[in-house]
Amino acid sequence: MTSEKSKKFTTDSGMEIREVYSEYSHQNPNPGEFPYTRGVRKDMYRGRLWTMRQYAGFSTAEESNKRYHYLLSQGTTGLSVAFDLPTQIGYDSDDKMSEGEVGKVGVAIDSLEDIETLFQGILLQDITTSMTINATASILLAMYVALAKKQGADLSKISGTIQNDILKEYAARGTYIYPVRPSMRIITDVFEWCSKNLPRWNTISISGYHIREAGSTAAQELAFTLANGKSYVLAAKEKGLDIDIFGKRLSFFFNSHNNFFEEIAKFRAARKIWAVMMKDMGATAPEAMMLRFHTQTGGSTLTAQQPENNIARVTLQAMAAILGGTQSLHTNGFDEALSLPTERAARIALRTQQIIAFESGVTATADPLGGSYFLEALTDDIEKEALEIMKSMDAMGGSVACIENGWMQAEIAKSSYAAQRAIESREKTIVGVNEFQITETSDIQLLKVDDNIRLSQIKKIEELKSKRDSELVENVLQKLQAAAMGNDNLMPPIIEAVEAYCTLGEIAGKLRTVFGEFKG
């Protein structure tokens, strides 16, 4: 047997943890000071709490609208929209490719009419909205802008975020449409258009969340995400955009898992690495060097066994995100290993954030764990490991090359396999799964999405097409195709198509005819 004295302790990324930490070799600058290791604002949550978002969207726009109004009535301070799979990959609900998926993992959006219903009774100028959408991000943003204009909103005051991070789709998630190079063009077109027309909009949320959900370690999540971010910055600079302008509108999206101190260290290291990288790439404006991020608690850590235990997991993960200095947070429902969250589960998840904010006392000072011998050493360790990974990626040509040659996907798969082996061998304990099991009888109410949703969406599309100006639709789609074949910014013709009530599938399909599809 291994004695307790000789047992090796590591983080989930495999970094060794010493028995005791008694010193660290440097003093970090204060919160709000470069390189922002301790936080992007000097007063952090003393001045303003993080935005409390609850990721929601299912079934129809009507049903999702009811959930948004409920969440707003319960104190959520920002909306976060989940879209169904057909919407994410550019198919209308009546497409044969959409069968069985309409409204299942998010809300079905086929046209501007659906967006109008989705935000019925909600003034876009008064709320920030995050949209988890990538391949079709430009189209959904165009719909949001079109609705804001119909509401009479001042576009300079509209704020929110589109995920718009296609590189991690190729590496980890799979909801891509077009090949890598035209996808990067669409993203930089969004950067350019928003810098002139939607100055408060975060044009991308560079996402490590799905990289981690696919099985990466914390250090890989950090390295791959920041390397992808570097690729977007270089692409934008190549297009002639000003890093001090578009850099202020870049945001990030990280995962928060159960290894408490490693997660906090990851967030702190992320800010430091990004600030130095942006400075090296020519940024001079402080806001362009600040890494601002949204966090979601770890979906892959939720268990179908003893699901009430997930409340404890989510609380631990939320606390790590907050102590790590997040700007925005979504907490998962305890039932999400079984179904989309019920209203009750969503309320408990929101209350978890509110209890931390108003009852725990952790918001009273900026970076309350700063100066901890352990945390400072762990921040340095994860920074060092992430930089080593990124150095290897640069030697291979950067993240685009590492995705195109399959290296990044292979590294994630190796880590995922090793993590699953550790669980199956009981080297790693998952409470209720491989230890502390019980005989269970499920009495948890689950959210069920009606399979007839697709029929109602098809009817809406048929009615829309019967009343819209078909000649105008044809003209704007031809203009979009011509822009795609040339070098014009794609956002104006996409907005024009949306306002003519072209469907999402028609717009994405027209771009498919020009760009083709990515074959992984």
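Residues numbered from 1 in each chain as written. Predicted model: local features only at pLDDT ≥ 70, side-chain atom pairs only at ≥ 80, totals over all residues. Heavy atoms only, no water.

Some remarks on the pattern of salt bridges
The cut-off we apply is this: Salt bridges, as used here, are contacts in which a Lys or Arg side-chain nitrogen is within 4 Å of a carboxyl oxygen on Asp or Glu. Only runs of H or I of at least four residues qualify as helices and only runs of E of at least two qualify as strands under DSSP, and these elements are numbered from the N terminus. The cut-offs for exposure are 20% and 50% of the maximum accessible area for each residue type, with area from a 1.4 Å probe on protein chains only; residues under the lower value are buried, those over the upper are exposed, and the others partly exposed.
Applying the stated criterion across every chain, the model contains 28 salt bridges. With a shortest N-O distance of 2.8 Å, K266 and E221 are connected by a salt bridge. In this pair, K266 is assigned in helix α10 (residues 260-280) and E221 in helix α8 (residues 218-238), connecting sequence segments 45 residues apart. Each member of the pair K266 and E221 is classed as buried. It is possible to trace a salt-bridge network through shared partners that takes in R38, R268, D367 and E376.

Some remarks on helix α14 (residues 373-395)
One turn of the α-helix equals 3.6 residues, which is why residues spaced by three or four share an orientation. Rules: One fewer than the residue count of a helix, multiplied by 1.5 Å, yields its expected span. When checking whether two residues touch, look at their non-hydrogen atoms; a contact exists if any pair is within 4.5 Å.
The terminal C-alpha atoms of α14, which comprises 23 residues, lie 33 Å apart, in line with the 33 Å expected from a rise of 1.5 Å per residue. Within α14 the residues assigned to the buried category are F374, L375, E376, A377, L378, T379, I382, E383, A386, I389, M390 and M393. The inward-facing, buried residues of α14 abut α8, α10, α15 (399-404) and α16 (407-424). Two residues or fewer after α14 comes G397, characterised by a positive phi angle close to 110°.

Quick notes on α10
If you check α10, its first and last C-alpha atoms are 31 Å apart, about what 21 residues at 1.5 Å a residue would give, namely 30 Å. Trailing α10 by a residue or two, G282 shows a phi angle of about 110°, which is positive.

Concerning the packing of α8 against α14
Spelled out, the test is: In this description, a line fitted to the C-alpha atoms serves as the axis of each element, helices being fitted only across the stretch in contact, and the angle between N-to-C directions of two axes falls anywhere from 0 to 180 degrees. Oblique is the label for every angle not falling under 35 degrees (roughly parallel), over 145 degrees (roughly antiparallel), or within 65 to 115 degrees (roughly perpendicular). Should the near helix be turned counterclockwise from the far one by less than a right angle, the crossing is left-handed, whereas a clockwise turn marks it as right-handed. Under the scheme applied here, ten amino acids are nonpolar (Ala, Val, Leu, Ile, Met, Phe, Trp, Tyr, Cys and Pro), four are charged (Asp, Glu, Lys and Arg), and all others, including Gly, are polar.
Packing of α8 against α14 brings their axes to within 8 Å, and their N-to-C directions diverge by 50°. Judged by the angle between their axes, α8 and α14 are oblique. In this structure, α8 crosses over α14, and the sense of that crossing is right-handed. Side by side, α8 and α14 meet where A218, A219, Q220, L222, A223, F224, L226, A227 and K230 of the first sit next to I382, E385, A386, I389, M390, M393 and D394 of the second. Split into classes, the residues belonging to the contact of α8 with α14 amount to 12 nonpolar, 1 polar and 3 charged.

Remarks on the pairing of strand β2 (residues 78-82)
The cut-off we apply is this: Here, any two strands with at least 2 DSSP bridges between them count as paired. A clockwise path from the first strand over the helix to the second, with the strands pointing away from the viewer, defines a right-handed crossover.
Within β2, 5 of the 5 residues are buried, which leaves the element mostly enclosed by the surrounding structure. What you see with β2 is no split at all: G78, S80 and A82 on one side and L79 and V81 on the other are buried throughout. Here strand β1 (residues 51-56) runs beside β2; their pairing, made up of 4 bridges, is parallel. The residue bridging A56 from the neighbouring strand is V81, located in β2. Each parallel crossover has a hand, and the one from β1 via helix α1 (residues 61-73) to β2 is right-handed. Judged from the 4 bridges that link them, β2 and strand β3 (residues 129-132) form a sheet pairing that is parallel. Within β3, the residue paired with A82 across the bridge is T132.

Notes on the sheet that holds strand β9 (residues 328-330)
The strand order across the open sheet formed by 9 strands is β5-β4-β3-β2-β1-β9-β8-β7-β6, and the pairing between neighbours is parallel. The outermost strands of the open sheet, each flanked by one partner alone, are β5 (201-202) and β6 (204-207). This element, α8, spans β6 and β7 (250-256) of the sheet and lies at about 165° to β7.

What to know about the state of the cysteines
Note the cut-off: Throughout, a disulfide means two cysteine sulfur atoms within 2.5 Å of one another.
Scanning the entire structure with this criterion turns up 0 disulfides. Here C194 is not disulfide-linked; the sulfur of C502 is the nearest cysteine sulfur, at 20 Å. Judged by relative accessible area, C194 falls into the buried class, the value being 1%.

Points about the packing of aromatic side chains
We count it as follows: Any Phe, Tyr or Trp ring, taking Trp's six-membered ring, that has another such ring centre within 6.5 Å forms a pair; planes under 30 degrees apart are called stacked, those over 60 apart edge-to-face, and the others tilted.
Throughout the structure, instances matching the rule amount to 21 aromatic pairs. Measuring from ring centre to ring centre gives 5.7 Å for Y178 and F515, while their planes differ by 75°; the resulting arrangement is edge-to-face. Taken together, the residues span a long stretch of sequence, with Y178 in the loop between α5 (167-173) and α6 (180-197) and F515 in helix α20 (residues 504-515) at a distance of 337 residues. In this structure, Y178 and F515 share a single accessibility class: buried. Aromatic side chains F254 and F293 sit 5.7 Å apart centroid to centroid with 70° between the ring planes, which places their arrangement in the edge-to-face category. Of this pair, F254 sits in strand β7 while F293 sits in strand β8 (residues 293-297), placing them 39 residues apart in sequence.

Describing the side chain of N255
Considering the arrangement of structural elements, one finds N255 in strand β7. The exposure class of N255 is buried, given its relative accessible area of 0%. Discounting chain neighbours no more than four positions away, the residues touching N255 are Y209, R212, E213, E221, E263, K266, F267, T295, Q296, T297 and G298.

Some details on the packing of α8 against α10
At a minimum axis separation of 10 Å, α8 and α10 run at an interaxial angle of 25°. As far as their axial angle goes, α10 and α8 are roughly parallel. Between α8 and α10 lies a crossing whose hand is right-handed. Each of A218, E221, L222, L226, G229, K230 and V233 in α8 lies in contact with α10, whose residues at this interface are E262, E263, K266, A269, A270, I273, W274, M277 and M278.

Note that all results are geometric; they support no functional claim without further evidence.
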